Amino acid sequence: MALDKQTVAKVAHLARIRVEEDELETLAGEMNSIIGWVEQLGEVDTDGVEPMTSAVDLKLRLREDAITDGDYPDRVLKNGPSTEMHFYVVPKVVE
Amino acid sequence: MGDIIKGETGDWEIVMGLEVHAQITSKSKLFSGAATNFGGDPNEQVSLVDAAMPGMLPVLNAECVRQGVRTGLALKAQINKRSVFARKNYFYADLPQGYQISQYEEPVVGEGEVQIDLADGTSKSIGIERLHLEQDAGKSLHDQHPSKSYIDLNRSGVALMEIVSKPDMRSADEATAYVNKLRSIVRYIGSCDGNMAEGSMRADVNISVRKAGEPMGTRTELKNLNSVRFIRQAIEIEAKRQVKVIEGGGEITQETRLFDPTKGETRSMRSKEDAHDYRYFPDPDLLPLELEDAFIDECLKSLPELPDEKKARFMADYGLGAYDAGVLVADQETAAYFEEAAKAAGDAKLAANWITVELFGRLNKAGTDLGDSPISAKQIGELIGLIKDDTISGKIAKDVFDEMFETSKDPGVIVEEKGLKQITDTGAIESIVDDIIANNEGQVSAYRGGKTGLLGWFVGQVMKQTQGKANPGVVNKLLKDKLDG
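Quick caveat: nothing in here was measured; it's all calculated off a predicted structure.

S.K.: Honestly, the overall build of chain A in this entry has me stumped. Any pointers?
M.R.: What chain A contains, in helices and strands, is three helices and three strands. Ordered by position from N to C terminus, the α and β elements of chain A give α-α-β-α-β-β. Expected size for 95 residues packed as a compact globule is a radius of gyration near 12 Å; at 22 Å, chain A overshoots this value by more than 25%. Principal axes of the C-alpha set define a box for chain A whose edges measure 55 × 45 × 25 Å. Buried positions account for 20% of the 95 residues belonging to chain A.

As structure tokens, then:
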């Protein structure tokens, strides 16, 4: 699988990362070599082997349904570049 | 019956599948300990997990899993003992993580089915494709500022069940019956409060049109419909639009559309152009969810009698028709009210009739519901008892019922106070009948001359004289005997 410039531009857009036109070629090359490196794994025979989701042999831990957190809007909003009346304020996004 | 759209080139059939998002009833969120109550102050019910601060990790709420599994069981669905949480990636201001934790290839609940009850008394089975657990997003307010949106994350991370149907619906009636049935089921089992006005339940409708017998057309998705009325309107408008586009030589684009109830139109949501490129992958912060058989058994045992079972029992035990039974089991309060009234009345069919016609009619008109009914189940039962033992006639009973609705008084008290007791004393009625026959020679000879329709007029006269209190059976019989004899 090889990424072209167009695919790189699309991935960048989906991740909302600004990439200039003249960087696309370089990025495509770098990403292709990463993918190529990972694709070496395809050489291993994995027939009948379940995909591994975690390296640790643990069960998923569940939590009781209780209110133990929240109620601190000032802390939540502290890093917001723009806030008002305990809301985050962002450029208008409307349908 | 499917809706048919009459196009210029022939008849078109609508094909629909629904995705219903139902908020799971839980104190805290799906992956955090923040509260879930409706109507909190902005960003009060937000933990650092919900705000996606770096380093925060999700921990799954056991109750949300339990309610998801119970709902799956109530939908007669396959429960998957192993399921996987995945990240659904998209960029939006009210989604601080940049992804929604959802389930993709391995949902907790697989295929099932729901019986929907249609107005003509028939039922239809709608397939369930899956049910999965996922986080809700935050809320954006767009009307506070001309160029800014305000973001409240209180809903961010609240647990949702997304219930996906198969494309089995063919009419707006079926789609709304399906939503009502799901709502009824989740309310019965207590996994969701079903409150559409507060956003606890909302539906996305996948809709396409085709000529009968042809393969499915390209579908569009109508997003976030938050009332049964809007679901119906959106379906009707969108289906017509699709027919018009196709018949005009155009093509339907697979896209997300927004229903605008004020303008009565659907329109493309351009901002969602990239939305279908979600790049799902298993969430590395969460291990697969594994369920034990014992846990699933517990969930099954905890289910109450479900609407379909109750409906079958009402039909078998009380002899009710499918439609009435369906109406009465729609929610548990109504069903319990009916059973109490039927017991007190000693006549289930009459109880069903008085509740669905008289009581619901008045409650509707008063803009209220059974929870605020001024008439108790026992009182309805008592009223029916009074009709059955001939204390009052069915006609007088309606006046008594009006009075009960106004004052909440017991029917026996009203009958006593107003002297509404039926006159069953044949002697008393007979003398009135004799008077009327004696004083209306013209009508009598007309009747005897063949205008038998005049009987009703005579009955009316007797009723007038007795303020409607004469037993209609006795009146009819006496009149007929005397006029025909």
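After presenting the structure, the write-up continues.
S.K.: Is there a simple way to think about the overall build of chain B in this case?
M.R.: When helices and strands are counted, chain B shows 15 helices and 17 strands. For 485 residues, the compact-globule estimate of 2.2 N^0.38 gives 23 Å, and chain B exceeds it by more than 25% at 30 Å. In terms of its C-alpha atoms, chain B occupies a principal-axis envelope of roughly 95 × 55 × 50 Å. Relative to its full complement of 485 residues, chain B shows a buried share of 51%. Accessible surface, chain B: about 21,800 Å² in total, of which carbon and sulfur atoms supply 49%.

S.K.: Explain the interface of chain B and chain A to me, please; I cannot follow it from the model alone.
M.R.: Many authors give the size of an interface as the accessible area that is lost as the parts come together. Taken together, the contact pairs 51 residues of chain B with 39 residues of chain A. When chain B packs against chain A, close to 4,100 Å² is buried across both sides, 57% of that on carbon and sulfur atoms. Residue Asp277 of chain B is joined to Lys10 of chain A by a salt bridge in which the shortest nitrogen-to-oxygen separation is 2.8 Å. Our count for the contact surface shared by chain B and chain A stands at 23 residue pairs in polar contact (both at pLDDT 80 or more). At the level of secondary structure, the elements contributing two or more residues to the side of chain B that touches chain A comprise β3 (60-61), α1 (62-74), β10 (148-152) and β17 (289-290) of chain B. By residue number, the principal contributor to the side of chain B that touches chain A is β10 of chain B, which donates five residues. Looking at the side of chain B that touches chain A residue by residue, the class counts come to 26 nonpolar, 13 polar and twelve charged. Pairing of strand β1 (residues 62-63) of chain A with β3 of chain B, which is carried by two bridges, proceeds in the parallel orientation. Bridging from a neighbouring strand, Leu62 of chain A pairs with Leu60 of chain B of β3 of chain B.

S.K.: Would you mind showing me how to read the pattern of salt bridges here?
M.R.: As a working rule, side chains carrying opposite charge can pair if their charged atoms are close by. Overall, the coordinates contain 42 salt bridges over all chains when judged by the stated rule. A single salt-bridge network, built from bridges that share partners, covers Asp117, Lys181, Asp308 and Lys311 of chain B.

S.K.: Help me out: how do you make sense of the packing of aromatic side chains in this one?
M.R.: Two measures describe an aromatic ring pair: the distance that separates the ring centres and the angle between the ring planes. Inspection of every chain in the model, using the stated rule, returns twelve aromatic pairs over all chains. Taken together, a centroid distance of 5.6 Å and an interplanar angle of 65° make the contact between Phe87 of chain A and Tyr150 of chain B edge-to-face. Separated into two different chains, Phe87 of chain A in strand β3 (residues 87-91) and Tyr150 of chain B in strand β10 make up a pair that spans both. Accessibility expressed as a relative area gives 1% for Tyr150 of chain B, which makes it buried. Measuring from ring centre to ring centre gives 5.1 Å for Trp457 of chain B and Phe458 of chain B, while their planes differ by 80°; the resulting arrangement is edge-to-face. Here the aromatic cluster, defined as three or more aromatic residues joined through ring pairs, consists of Tyr90, Tyr104, Tyr278 and Tyr280 of chain B. Across from the ring centre of Tyr72 of chain A, 4.5 Å away, lies the NZ or CZ of Arg75 of chain A, which sits over that ring. The ring of Tyr278 of chain B carries the charged tip of Lys88 of chain B above its face, separated from the ring centre by 4.4 Å.

S.K.: Is there a simple way to explain the sheet that holds β3 of chain A in this structure?
M.R.: Paired through backbone hydrogen bonds, the strands of a sheet run either parallel or antiparallel to each other. Judged by pairing direction, the sheet is antiparallel, and its four strands sit side by side in the order β2(A)-β3(A)-β10(B)-β9(B) without closing on themselves. One side of each edge strand has no neighbouring strand; the edge strands of this open sheet are β2 (83-84) of chain A together with β9 (139-141) of chain B.

S.K.: How should the UniProt feature "domain: Asn/Gln amidotransferase" (unreviewed entry) in chain B be read in this particular structure?
M.R.: UniProt's feature table lists "domain: Asn/Gln amidotransferase" (unreviewed entry) at residues 336-483 of chain B, given in the numbering used throughout. In residues 336-483 of chain B, the share of helix is 72% and the share of strand is 0%. The end C-alpha atoms are 49 Å apart.

S.K.: Mind showing me how you'd approach the nonpolar core here?
M.R.: One broad rule of soluble globular proteins: the nonpolar side chains tend to lie buried together. All names here are of chain B. If you look at the biggest cluster of nonpolar residues, it comprises 105 residues, and the most contacted ones within it are Leu18, Tyr178, Phe338 and Ile380. Counting residues per element, this core draws most heavily on helix α2 (residues 172-189), at ten residues. Shared between two domains, this core takes at least three residues from each, and those domains are domain 1 (4-299) and domain 2 (305-418). In this structure, Phe338 is in contact with Phe314, Tyr318, Leu320, Leu328, Ala348, Ala351, Ala352 and Ile355, ignoring residues within four places of it in sequence.

S.K.: Whenever I open this one, unusual backbone geometry confuses me. Can you help?
M.R.: Peptide bonds are trans in most cases, and residues, glycine excluded, mostly fall at negative phi. Residue and element names in this part refer to chain B. Unusually for a residue other than glycine, Ala52 sits at a positive phi of about 60°. As for its placement among the helices and strands, Ala52 is situated in the loop between β2 (11-23) and β3. The phi dihedral of Arg279 is positive, around 45°, even though this residue is not glycine. Positionally, Arg279 belongs in the loop between β15 (265-268) and β16 (281-282).

S.K.: In this structure, what is going on with the domain arrangement of chain B? I would like to understand it.
M.R.: When cut into domains, chain B gives domain 1 (4-299), domain 2 (305-418) and domain 3 (426-484). For domain 1 of chain B and domain 3 of chain B, the distance between their C-alpha centres works out to 65 Å.

S.K.: Sorry if this is basic, but what is going on with the sheet that holds β16 of chain B here?
M.R.: Residues and elements named next belong to chain B. Taken in spatial order, the three strands of this open sheet run β6-β5-β16, and their pairing is antiparallel. Edge positions in the sheet fall to β6 (99-103) and β16, since each of these pairs with one other strand and no more. The pairing of strand β5 (residues 85-89) with β6 spans five bridges and is classified as antiparallel. Its bridge partner being in β6, Ala86 is matched across the sheet by Ser102.

S.K.: Would you take a moment to explain α1 of chain B for this structure?
M.R.: One turn of the α-helix equals 3.6 residues, which is why residues spaced by three or four share an orientation. Residue and element names in this part refer to chain B. Taking 1.5 Å per residue as the helical rise, α1 with its 13 residues ought to reach 18 Å, and the 18 Å between its terminal C-alpha atoms agrees with that figure. Along α1, eleven of the 13 residues are buried, which leaves the element largely enclosed by surrounding structure. Within α1 the residues assigned to the buried category are Glu63, Cys64, Val65, Gln67, Gly68, Val69, Arg70, Thr71, Gly72, Leu73 and Ala74. On its buried face, α1 sits against β3, β8 (123-135), β11 (159-165), α2, β17 and α4 (293-301).

S.K.: I would appreciate a short explanation of the packing of helix α7 (residues 332-345) of chain B against helix α8 (residues 348-365) of chain B in the present structure.
M.R.: All names here are of chain B. Here α7 crosses α8 at 130°, and the two axes come no closer than 8 Å. Here α7 lies oblique to α8, going by the angle between them. Two packed elements cross with a definite hand, and for α7 against α8 that hand is right-handed. For the pair α7 and α8, contact is made by Thr334, Tyr337, Phe338, Ala341 and Ala342 and by Ala348, Ala351, Ala352, Ile355, Leu359 and Phe360, respectively. Its residues assigned to classes, the contact of α7 with α8 shows ten nonpolar, one polar and no charged.

Basis of the calculations
- Residues numbered from 1 in each chain as written.
- Chains lettered and ligands numbered in written order.
- Predicted model: local features only at pLDDT ≥ 70, side-chain atom pairs only at ≥ 80, totals over all residues.
- Heavy atoms only, no water.
- Helix = DSSP H or I, 4+ residues; strand = E, 2+ residues; numbered from the N terminus.
- Rg over C-alpha atoms; globule rule 2.2 N^0.38 Å.
- Buried < 20%, exposed > 50% of the residue type's maximum accessible area, 1.4 Å probe, protein only.
- Areas by Shrake-Rupley, 256 points an atom, 1.4 Å probe, with all protein chains shown as cover.
- Contact = heavy atoms within 4.5 Å.
- Buried area = accessible area lost by both parts, 1.4 Å probe.
- Salt bridge = Lys/Arg side-chain N within 4 Å of Asp/Glu carboxyl O.
- Polar contact = N/O pair within 3.5 Å; in protein donor to acceptor, adjacent residues only side chain to side chain.
- Nonpolar A, V, L, I, M, F, W, Y, C, P; charged D, E, K, R; others polar.
- Pairing = 2+ DSSP bridges.
- Phe/Tyr/Trp six-rings, centres within 6.5 Å; stacked < 30°, edge-to-face > 60°.
- Lys NZ or Arg CZ within 6 Å of the ring centre and 35° of its normal.
- UniProt positions renumbered as here; feature names shortened; annotations may be inferred.
- Core = buried A, V, L, I, M, F, W, Y, C linked by side-chain atoms within 4.5 Å.
- Domains from an automatic or database assignment.
- Expected span 1.5 Å × (residues − 1).
- Axes fitted to C-alpha atoms, helices over the stretch in contact; angles between N-to-C directions.
- Parallel < 35°, antiparallel > 145°, perpendicular 65-115°, else oblique.
- Left-handed = near helix turned anticlockwise from the far one by under 90°.

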